[in-house]
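Topology and contacts: notes
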Amino acid sequence: MEKIKVITICGSMRFQDEQMREAMRLELEGNAVISCVYGIKKELSENDIAMLEKMHKKKIDLCDAIFVVNVDGYVGNATKNEIEYAKQLGKEVIWLETPKEYKE
């Protein structure tokens, strides 16, 4: 049996519809996808944001690769931090769109 790649979705929550669509596509291709918390309707406190960032780093710890959903090339600061964290761990970085500043 072929090894299943575990992929964590990263990117701005403004693109949550695209994230969900890409997560479904990746799973249908035979990957196990760790996704974000979708549909948050309330304002988040600084503590909430810090906790979610910590949990997202744990998701990156667990995966083989991250998939960056960067619609129109947009990569926000939080996502840039996630990319750098993943790279430090030696994780593969897969892009929806290859941005100029992150070409490998």
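Structure shown above.
Let me sum up the structure you'll find in this document.

What counts as what
- Residues numbered from 1 in each chain as written.
- Predicted model: local features only at pLDDT ≥ 70, side-chain atom pairs only at ≥ 80, totals over all residues.
- Heavy atoms only, no water.
- Helix = DSSP H or I, 4+ residues; strand = E, 2+ residues; numbered from the N terminus.
- Expected span 1.5 Å × (residues − 1).
- Buried < 20%, exposed > 50% of the residue type's maximum accessible area, 1.4 Å probe, protein only.
- Arc of directions from axis to C-beta.
- Contact = heavy atoms within 4.5 Å.
- Pairing = 2+ DSSP bridges.
- Axes fitted to C-alpha atoms, helices over the stretch in contact; angles between N-to-C directions.
- Salt bridge = Lys/Arg side-chain N within 4 Å of Asp/Glu carboxyl O.

1. Some words on helix 1 (residues 16-28)
- With 13 residues, helix 1 extends 18 Å from end C-alpha to end C-alpha; this agrees with the ideal 18 Å at 1.5 Å per step.
- Buried within helix 1 we find Gln 19, Glu 22, Ala 23 and Leu 26. Around the axis of helix 1, the buried residues are gathered within 105° of arc, so they sit on the same side. Of the residues in helix 1, the exposed ones pointing more than 90 degrees away from the buried face are Arg 21, Met 24 and Leu 28.
- Close packing links the buried residues of helix 1 with strand 1 (6-10), strand 2 (32-34) and strand 3 (65-68).
- Just downstream of helix 1 lies Gly 30, where phi reads positive at about 100°.

2. What about the sheet that holds strand 3?
- With respect to topology, 4 strands assemble into an open sheet ordered 2-1-3-4, the strand pairing being parallel. For this open sheet the edge positions go to strand 2 and strand 4 (92-95), each flanked by a neighbour on one side alone. The mean inter-strand angle of the sheet, taken between neighbouring strand axes irrespective of direction, is 30°.
- Bridge analysis of strand 1 against strand 3 gives 4 bridges, and the strand direction is parallel. Across the sheet, Thr 8 pairs through a bridge with Ile 66, a residue of strand 3.
- Along the sheet face, helix 1 touches strand 1, strand 2 and strand 3 and points at about 170° away from the line of strand 1.
- Together, strand 1, strand 3 and strand 4 form the strand contacts of helix 3 (residues 77-88), whose direction differs from that of strand 3 by roughly 155°.

3. Re the pattern of salt bridges
- Applying the stated criterion across every chain, the model contains 4 salt bridges.
- One salt bridge in this structure joins Asp 64 and Lys 3, with 3.2 Å as the shortest N-O distance. With a gap of 61 residues between them, Asp 64 in the loop between helix 2 (46-62) and strand 3 and Lys 3 in the segment before strand 1 connect regions that are remote in the sequence.
- Asp 64 sits in the partly exposed class, given a relative accessible area of 32%.
- Glu 22 is the salt-bridge partner of Arg 25, the closest N and O atoms lying 2.7 Å from each other.

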